[in-house]
Amino acid sequence: MTLFVFLAVLSAAAMHAIWNALVKVHLDRFLSITLMTLGMGAAALVVLPFVEMPKAEVWPFILASVFFHMGYRTFLIGAYKAGDFAQTYPLARGTAPLLSALGGIVLVGEVPAPLAIVGIVLLSIGTLVMSFRGGAHLERLNLRAVGFALGTSIFIASYTLSDGSGARLAATATSYAAWLFVCDATWALVLCVAFRGPQSLPVLARDWKAGLFTGVLSGAAYWIVMWAMTKAPIASVASLRETSILFAMLISVLALGEKMTAWRATAALGIVAGVVALRMG
């Protein structure tokens, strides 16, 4: 991984943390995630006239990714309902890089360097420690919440591998990302109307500014990740992306006045050590 790609993925992780910290939409989780997805699609529509139509061999990856993203959102909402957000979300994000690494070895034939493997493990452990606050509340997770969280991580790893492979096969990562975001938004709109009815559309329209903001920021962050996966091993990029939880911690301490506790410092050191190992690997 070159220094430019390394810094680009770190910036994507920071963008991911920033929009999560700053944007609050007064909707339920299903509508909130739908609104963000529509915002990504709306931003991508502007790009479509300037990118190539994907070749036939690229479309299976786009369609698979739409399916995996749908599964990701479904299981993530289920995890939120079954358990505490502060535990279930990082559990999903912390285990996804390990699954992506295993999938990359088996499906893509990418075997990370030994030092990169160390970095992936350290990042995952640091993320999990950060989420569980030193493990103090680990025993409170019920099996249903764990199941949904792990299911979420499987879908994250699945769309990561699908998008990494598809972006490499496409003419450009920008072309792949633009068409993926539009297709994903179209399907999200269909599901929203199917499950919530046409009356949900005016509700979404009232918060269109928040949706566009989160969509642009989230879309830009993920476009960087997909571009980076065309330049570096998928597992390494996927793991480095999870440093977003470190940026979120820094925002909470510096901007929101939360305390830098011992468990946070320990987890941060683990994540930083993982980042260094990935860069050296």
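Residues numbered from 1 in each chain as written. Predicted model: local features only at pLDDT ≥ 70, side-chain atom pairs only at ≥ 80, totals over all residues. Heavy atoms only, no water.

Visitor: How would you sum up the overall build of the chain? Please name residues and give values.
Guide: Scanning the chain from terminus to terminus reveals 12 helices and 0 strands. Tracing the chain from N to C terminus, the helices and strands come up as α-α-α-α-α-α-α-α-α-α-α-α. Projected onto its principal axes, the C-alpha coordinates of the chain cover approximately 50 × 40 × 35 Å. Sorting the 281 residues of the chain into buried and exposed places 52% on the buried side. Excluding contacts between residues fewer than 6 apart, the proportion of contacts in the chain whose partners are at least 24 apart in sequence is 87%. Measuring between centres, the 18 positive side-chain charges of the chain sit 6 Å from its 11 negative side-chain charges. (Helix = DSSP H or I, 4+ residues; strand = E, 2+ residues; numbered from the N terminus. Buried < 20%, exposed > 50% of the residue type's maximum accessible area, 1.4 Å probe, protein only. Contact = heavy atoms within 4.5 Å. Lys, Arg positive; Asp, Glu negative; His and termini not counted. Charge placed at Lys NZ, Arg CZ, Asp CG, Glu CD.)

Visitor: Describe in detail the nonpolar core, supporting the description with residues and values.
Guide: Grouped together as the largest cluster of nonpolar side chains are 64 residues, with contacts concentrated most on Tyr176, Leu180, Phe181 and Met226. Excluding its chain neighbours within four sequence positions, the residues that come into contact with Leu180 are Ile62, Ser65, Val66, Asp163, Tyr222 and Met226. Ranked by size, the runner-up nonpolar core spans 5 residues in total, among them Leu27, Leu35, Cys192 and Leu204. (Core = buried A, V, L, I, M, F, W, Y, C linked by side-chain atoms within 4.5 Å.)

Visitor: Before we move on, could you go through the packing of helix H3 (residues 59-82) against helix H7 (residues 173-196) and cite the residues and values that matter?
Guide: Each pair of packed helices can be described by the angle between their axes along with the distance between the axes. In contact at an axis separation of 10 Å, H3 and H7 are set at 45° when each is read in the N-to-C sense. The orientation of H3 with respect to H7, classified from their angle, is oblique. The handedness of the crossing between H3 and H7 comes out as right-handed. Contacts between H3 and H7 pair Trp59, Phe61, Ile62, Ser65, Val66, His69, Met70 and Arg73 from the former with Tyr176, Trp179, Leu180, Cys183, Asp184, Trp187, Ala188 and Leu191 from the latter. (Axes fitted to C-alpha atoms, helices over the stretch in contact; angles between N-to-C directions. Parallel < 35°, antiparallel > 145°, perpendicular 65-115°, else oblique. Left-handed = near helix turned anticlockwise from the far one by under 90°.)

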